[in-house]
Amino acid sequence: MSPDPGRPFTVEPWVVREPRLDLTDMGQVESVFALSNGHIGLRGNVDEGEPHSMPGTYLNSFFEARPLPYAEGGYGYPESGQTIINVTNGKIIRLLVEDEPFDLRYGQLRRHERVLDLQAGTLTREVEWASPAGRAVRVRSTRMVSLTQRAIATIRYEVEVLDAPALLVLQSELVANEQLPKRGDDDPRVEAALTDPLMAEQHRCDDAGATLIHRTRLSGLRVAAAMDHEVVGPEGTKITSEATEDIGRTTVIARLQPGQTLSITKYLAYGWSSRRSQPALHDQVRAALAAARYTGFEGLLAEQRQYLDDFWATADVEIDGDAELQQAVRVAIFHVLQAGARAERRAIGAKGLTGEGYDGHTFWDTETFCLQVLSHLAPEAAADALRWRQSILPLAYERAEQLGLSGAAFPWRTIRGQECSGYWPAGTAAFHINADIADAVRRHVAATGDVEFEREVGLELLVATARLWRSLGHHDSAGQFRIDGVTGPDEYTAIVDNNVYTNLMAQQNLRVAADTAARHTRAAAKLGVNSEEMASWRDAASAMRIPYDETLGVHPQSEGFTDHKLWDFEGTPPEKYPLLLHVPYFDLYRKQVSKQSDLVLAMQMRPDAFTPEQTVRNFAYYESITVRDSSLSACTQAVMAARTGHLDLAFDYLAEAALVDLNNLAGNSDHGVHIASMAGTWTAVVSGFGGMQCDAAGLRFAPRLPPALSRIAFGLMWQGRRLRVQITAEEAEYQLVSGPPMRLRHHGEPIALAADPVTLPVPPAPFVEPVEQPFGRAPRARHPGG
């Protein structure tokens, strides 16, 4: 299917195809075509390096420190920030045809197509180009970041001469401190720019490759990049290599007749460390290269395909009735996998490793959105993300002490564990991140049944965060437990008392910590937990204040929120969104306007805390004031719209979440893809239309489809089992693909699942009154008749 106007990609089930080059879309395409394994990230830049929107080669958690200036300082303000940096670029392969550089901006571009293959895990390219002098060539390339060999990326680059003999020169390079374009944005979310952050320490070359080692100026991190090549060309092909401080280059020269091909296979290896010596890091990347060459290019492709075949056998989501949405959901799952697959006890950033947006920081998005997916589709990746949180506990303990609190205060935004938010009302005050981490532990243990993980990793995280809540809150004169002066998920409402989301998540955190400590008494005792402390956690949880507006019959987002003046939505023109770029925070903080789901997210995460009637009223109320200035909102609204019977609206929100990057709906996909929104796409399908909820008691489904879809199917892992669920308008089928028999619930009905699939009817959706969004902020109507 040809791309829609304004969309650079065709619609196909398993690939993302850019059928022609449009330089105006280059930034978005570079992000969507980024390849990663959670350790290495390569933006989808063209092989020759230029033109580009933003070149990008990233290593997870490799950053440079930078100052955080304040007009007025204060005690406890973070003093330095951390910014992910573009490390040594090994993607570059320059081509000269009879001394004329292959550059898409010159000569005649006859054909240009790139394809991201979600099953093969590769980015392929085919170009036909004639130089200004008329010499024509065909260029084919295949790029891959290995999911099986963590330190390795590889590129096969082939040039065929078409019309007349030509002298070709290929320059395959490693380039450090490459020049980056200046950005003119005033958007505070855009990454901080750094100039020449890498200091050269070592450069070497050999016959067909080179190695460069650099160190950051301030953070003191060392990075090694190495390349090696295999060349196939006509007789007389010449290969030389050279290296300087910031450039390693292998040059291949050959004279080709029409129909002949020059092929190079480039192997890249990356490694970094804050502790290892130059020789150790050098040997590490050279060993990785040796292993990659031993496997060979075809072997690496085969390993990649097998890895992804195994993954998709469970992870695939099938959607009948909307081809564009089918493609988008698979792209979303693919990018979530790439972000965490081989991160291995390092953070998963908000952009993964696809761009420098948000400075490469990780937020609460990881635990609340991404790990919901990974715990069911790639549980080891989810476990490693939580092990990373455990590894930064010493810094979180230190931060809590600085704030006068007990336990651990995890950073709102960070790369290596230090707080990097320079705006405390929407940073430090957003303590809910601690409960979000605890909830990810709870969900992961429920999904995997991993008792060892619960004891060795989960328990310490739960205890540390429970202690924070017990010290942050207090019992008032009426005996209720209050948590005052905090910021919930909605960043348009800050420094409030008793934010319902925060309080409910803290309540669950306290209860789960007490229950887990009771199950692992010996491990808990080593952490200093005793029965008295566990009792105090349970007391605080039982007495937790949950505000409720009796007059309106809804839960205020926080204490007194429903008494605030309503925002003037009708007087706000479309160009004033997102509001944070056009309106003072002071004005936002004292009005009823929500940037993103807050109370609605509380209902998704803690459905047990609301009656069905409250859920319906709350959803309708907050629909009318939520403007979705955050990409994190649509997926949550999709889930809750489905659960409250607004199936068409849920479908519209699902599409918004799924297409945020493929269609560049937020206008900033050039900074990197929105990993949490992509994760939320899976949740919208599985927890929304699939109605899945899970806890220690088991799995529950309450499926219903919107009229636009005729069928959905999805798989997941549950405590060592693999399940497949298929849903139509009339019935749902549950199949145990592997693992021991189990029980689950379908619309409240208990069923036993063993060797044979079980098919049950789907009850019709009840009639619901339509809900309204703020003026001009309804999602694009995608459903039939919308």
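Model, not experiment: these values are computed from the prediction.

A. Main features of the overall build of the chain. The helix and strand inventory of the chain stands at 18 helices and 32 strands. Computed over C-alpha atoms, the radius of gyration of the chain comes to 27 Å, within 12% of the 28 Å expected from 2.2 N^0.38 for 786 residues, which places it in the range of a compact globule. C-alpha atoms of the chain, sized along the principal axes, occupy 90 × 60 × 55 Å. The burial tally for the chain puts 62% of its 786 residues in the buried class.

B. Representation of the environment of Y423 within the structure. Position of Y423 relative to the elements: it lies in the loop between α7 (393–402) and α8 (432–448). Using a relative accessible area of 36% as the deciding quantity, one classes Y423 as partly exposed. Measuring from C-alpha to C-alpha, the distance between Y423 and Y70 comes to 9.4 Å, with 353 residues separating the pair along the chain. Beyond its immediate stretch of four places on either side in the chain, Y423 contacts Y585 and Y589. One polar contact links Y423 to Y589, side chain to side chain, over a distance of 2.8 Å.

C. Geometry of the packing of helix α16 (residues 633–643) against helix α17 (residues 647–658). Where α16 contacts α17, the axes come no closer than 8 Å and their chain directions differ by 160°. Put simply, α16 runs roughly antiparallel to α17. Every pair of crossing elements has a handedness; the one defined by α16 and α17 is left-handed. Contacts between α16 and α17 pair A634, C635, Q637, A638, A641 and A642 from the former with L647, L649, A650, Y653, L654, E656 and A657 from the latter.

D. Here's a closer look at the sheet that holds strand β17 (residues 238–243). With antiparallel pairing, the five strands of this open sheet are ordered in space as β8-β7-β13-β18-β17. Sheet topology places β8 (100–101) and β17 at the edges, where each strand pairs with a single neighbour.

E. Summary view of helix α5 (residues 365–377). An ideal rise of 1.5 Å per residue puts 18 Å on 13 residues; α5 measures up with 17 Å between its terminal C-alpha atoms. Taking the largest bend as the criterion, α5 deviates by roughly 50°, centred on L371. Along α5, 13 of the 13 residues are buried, which leaves the element largely enclosed by surrounding structure.

F. Layout of the sheet that holds strand β30 (residues 742–746). One open sheet holds the four strands; their spatial order is β25-β26-β30-β31, and the pairing between them is mixed. Two strands in the sheet have a free side with no partner beyond their single neighbour: β25 (693–695) and β31 (749–753). Put simply, the sheet's adjacent strands are angled 25° from each other on average, direction ignored. Across three bridges, strand β26 (residues 698–701) lies against β30 in parallel orientation. The residue bridging F701 from the neighbouring strand is H746, located in β30.

G. The arrangement of the state of the cysteines in detail. Throughout the structure, instances matching the rule amount to zero disulfides. Residue C635 stays outside any disulfide, its sulfur separated by 10.0 Å from that of C370, the closest cysteine. Accessibility expressed as a relative area gives 3% for C635, which makes it buried. C635 provides the cysteine sulfur closest to C694, a residue in no disulfide bond, and the two sulfurs are 16 Å apart.

H. Structural context of the confidence of the model for the chain. Confidence along the chain averages 96 in pLDDT terms, with 98% of residues attaining 70 or more. Taken as a whole, residues 185–191 scores under 50 in pLDDT and shows 19 contacts with residues more than four places along the chain or in a different chain.

I. Up close: the pattern of salt bridges. Following the criterion strictly, the structure yields 59 salt bridges and no others. For R66, the salt bridge is made with D359, and the minimal N-O distance between the two is 2.4 Å. Pair noted here: R66 is in strand β5 (residues 63–67) and D359 is in the loop between α4 (323–340) and α5, with a separation of 293 residues, a long-range link. Under the relative-accessibility criterion, D359 is labelled buried at 4%. Between R345 and D384 there is a salt bridge, and its shortest N-O distance comes to 3.7 Å. Taken as a pair, R345 in the loop between α4 and α5 and D384 in helix α6 (residues 379–391) lie far apart in primary sequence, 39 residues in all.

J. Molecular detail of the side chain of H444. Examined against the element boundaries, H444 turns out to sit in helix α8. Given a relative accessible area of 2%, H444 falls into the buried group. Excluding residues that lie within four positions of it along the chain, H444 makes contacts with S375, P379, A382, A383, L386, G449 and F453.

K. Expanded view of the side chain of D103. One can find D103 in the loop between β8 and β9 (108–117). Look past the residues within four positions of D103 in its chain and what remains in contact with it is P51 and W129.

L. Quick peek at the environment of E12. With respect to the secondary-structure elements, E12 resides in the segment before β1 (15–18). The class for E12 is buried, based on a relative accessible area of 18%. Remark: the alpha-carbon pair of E12 and E324, spanning 312 residues in sequence, is separated by 7.5 Å. What E12 contacts, discounting residues up to four positions off in sequence, is R17 and Q327. Here R17 takes part through its side chain, which lies 2.6 Å from a polar atom of the side chain of E12.

M. Here's a closer look at the packing of aromatic side chains. In total, this model carries 17 aromatic pairs according to the counting rule given. Residues W14 and W312 carry aromatic rings whose centres are separated by 5.0 Å and whose planes lie at 85° to one another, so their mutual orientation is edge-to-face. Separated by 298 residues along the polypeptide, W14 in the segment before β1 and W312 in helix α3 (residues 297–315) bring together distant segments of the chain. An aromatic cluster is defined as three or more aromatic residues linked by ring pairs; in this entry it consists of Y358, F363, W364, F369, W412 and Y501. One cation-aromatic arrangement involves R330 over W14; the distance from NZ or CZ to the ring centre is 3.9 Å. Looking at R777, its charged tip hangs above the ring of Y577, at a distance of 4.0 Å from the centre.

Procedures and definitions
- Residues numbered from 1 in each chain as written.
- Predicted model: local features only at pLDDT ≥ 70, side-chain atom pairs only at ≥ 80, totals over all residues.
- Heavy atoms only, no water.
- Helix = DSSP H or I, 4+ residues; strand = E, 2+ residues; numbered from the N terminus.
- Rg over C-alpha atoms; globule rule 2.2 N^0.38 Å.
- Buried < 20%, exposed > 50% of the residue type's maximum accessible area, 1.4 Å probe, protein only.
- Contact = heavy atoms within 4.5 Å.
- Polar contact = N/O pair within 3.5 Å; in protein donor to acceptor, adjacent residues only side chain to side chain.
- Axes fitted to C-alpha atoms, helices over the stretch in contact; angles between N-to-C directions.
- Parallel < 35°, antiparallel > 145°, perpendicular 65-115°, else oblique.
- Left-handed = near helix turned anticlockwise from the far one by under 90°.
- Pairing = 2+ DSSP bridges.
- Expected span 1.5 Å × (residues − 1).
- Bend = angle between axes of the 7 residues up to and from the residue.
- Disulfide = S-S within 2.5 Å.
- pLDDT = per-residue confidence, 0-100.
- Salt bridge = Lys/Arg side-chain N within 4 Å of Asp/Glu carboxyl O.
- Phe/Tyr/Trp six-rings, centres within 6.5 Å; stacked < 30°, edge-to-face > 60°.
- Lys NZ or Arg CZ within 6 Å of the ring centre and 35° of its normal.

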